[in-house]
Amino acid sequence: MEGADELTIDELAARVGMTVRNIRAHQSRGLVPPPRLVGRTGFYGAEHVRRLDRIRQLQDEGLNLAAVARLIDDDRLAEVAAAPFTDDAPARFEPGEVAERMGLSLDDPAVTRALELGLIDVAGDEVVVALPRLLEVAIELSDQGVPLGAMLDVVAEVRQAAARVAKAFMGLADAHLVEHVVVDTGGDLDAITRVVEALQGQAQVALDALFNQAMAAEIRAYLAPPADPPAADR
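Residues numbered from 1 in each chain as written. Predicted model: local features only at pLDDT ≥ 70, side-chain atom pairs only at ≥ 80, totals over all residues. Heavy atoms only, no water.

Participant: It is not clear to me how the overall build of the protein should be interpreted in this structure. Could you clarify?
Facilitator: When you go through the protein residue by residue, the secondary structure sums to 11 helices and five strands. Looking at the protein as a whole, 28% of its 234 residues are labelled buried. Contacts in the protein between residues far apart in sequence, at least 24 positions, make up 62% of those at least 6 positions apart. When the accessible area of the protein is evaluated, it comes to approximately 15,700 Å², of which 56% is carbon and sulfur surface. (Helix = DSSP H or I, 4+ residues; strand = E, 2+ residues; numbered from the N terminus. Buried < 20%, exposed > 50% of the residue type's maximum accessible area, 1.4 Å probe, protein only. Contact = heavy atoms within 4.5 Å. Areas by Shrake-Rupley, 256 points an atom, 1.4 Å probe, with all protein chains shown as cover.)

Participant: What exactly am I supposed to notice about a nonpolar patch on the surface here?
Facilitator: On the surface, a nonpolar cluster with roughly 330 Å² of combined accessible area is contributed by Leu131, Leu134, Val137, Leu141 and Val146. Looking at the element boundaries, Val137 is found in helix 8 (residues 132–143). (Patch = residues over 30% accessible without salt bridge, like charges linked within 9 Å, V, L, I, M, F, W, Y side chains within 5 Å. Salt bridge = Lys/Arg side-chain N within 4 Å of Asp/Glu carboxyl O.)

Participant: Sorry, what's going on with the environment of Arg29 here?
Facilitator: If you trace the backbone, Arg29 turns up in the loop between helix 2 (20–28) and strand 1 (36–38). According to the relative accessible area criterion, Arg29 is partly exposed, its value standing at 48%. Sequence spacing of Arg29 and Leu65 is 36 residues, and the spatial spacing of their C-alpha atoms is 9.2 Å.

Participant: Where do I start with the sheet that holds strand 3 (residues 91–93) in this structure?
Facilitator: Strand pairing in a sheet relies on backbone hydrogen bonds, with the paired strands running either antiparallel or parallel. With antiparallel pairing, the three strands of this open sheet are ordered in space as 3-5-4. Edge positions in the sheet fall to strand 3 and strand 4 (120–123), since each of these pairs with one other strand and no more. If you compare each strand with its neighbour and ignore which way they point, the axes differ by 30° on average. (Pairing = 2+ DSSP bridges. Axes fitted to C-alpha atoms, helices over the stretch in contact; angles between N-to-C directions.)

Participant: Can you help me understand the pattern of salt bridges in this one?
Facilitator: Oppositely charged side chains can pair when the atoms bearing their charge come close. Scanning the model with the defined rule gives seven salt bridges in all. Notably, a salt bridge pairs Arg56 with Asp53, separated by 3.5 Å at the nearest N-O pair. One end of the pair is Arg56 and the other is Asp53, both in helix 3 (residues 46–60) and three residues apart, which spans about a single turn. For Arg56, a relative accessible area of 33% puts it in the partly exposed group. Here Arg113 and Asp153 are joined by a salt bridge, their closest N and O atoms 2.6 Å apart. With Arg113 in helix 7 (residues 109–116) and Asp153 in helix 9 (residues 148–176), this residue pair connects regions lying 40 residues apart in the sequence. Residues joined by salt bridges that share partners form a network here, namely Glu47, Arg50 and Arg51.

Structural data, given as structure tokens:
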């Protein structure tokens, strides 16, 4: 970042609510990258603001600087925390293999739609399927006569609903779990992984229970005999 987007150390201190002395101390510990130097003046950008905000938040939650350093400097934190929710690794296929398994031609509109939804991608001379388990479900439904285009309409709708559910669970975790996890584990990645794995299992049980209840209600409503018309209409 350059020019108007950059801050002097005094401006940075005012922006993040720290003293200049504290910022220099964090720099000396390697928690904050060095500024861009112009002559003898250092200029700080958005990355410095983000890091200092995070340091202050972690300290407010009770972590000492050693634990803060472990969390700040470990780029694996996001991947470690997301890992329990990413067990469906992408699969790679030869060109045309996925379409052939689905009984489609490569120019079928459903293939284009799957590309648009990010469910498949082309990487060199391979086709990458983002969610192989979803592909197997699609093949089974296709064998039963369900068109892929209709399935993709449902996938798009369910994806939106899943995003809302995930946001709700993340809001719950942010409000009631994250602070305790950070403080109780001291930033230890293995301990964080165990907590997130437990959260994944809890979320899955809750979703299964609620989805099964909703599907049972939909099936009963679908198969219920039609209601008798009002007496005046007979």
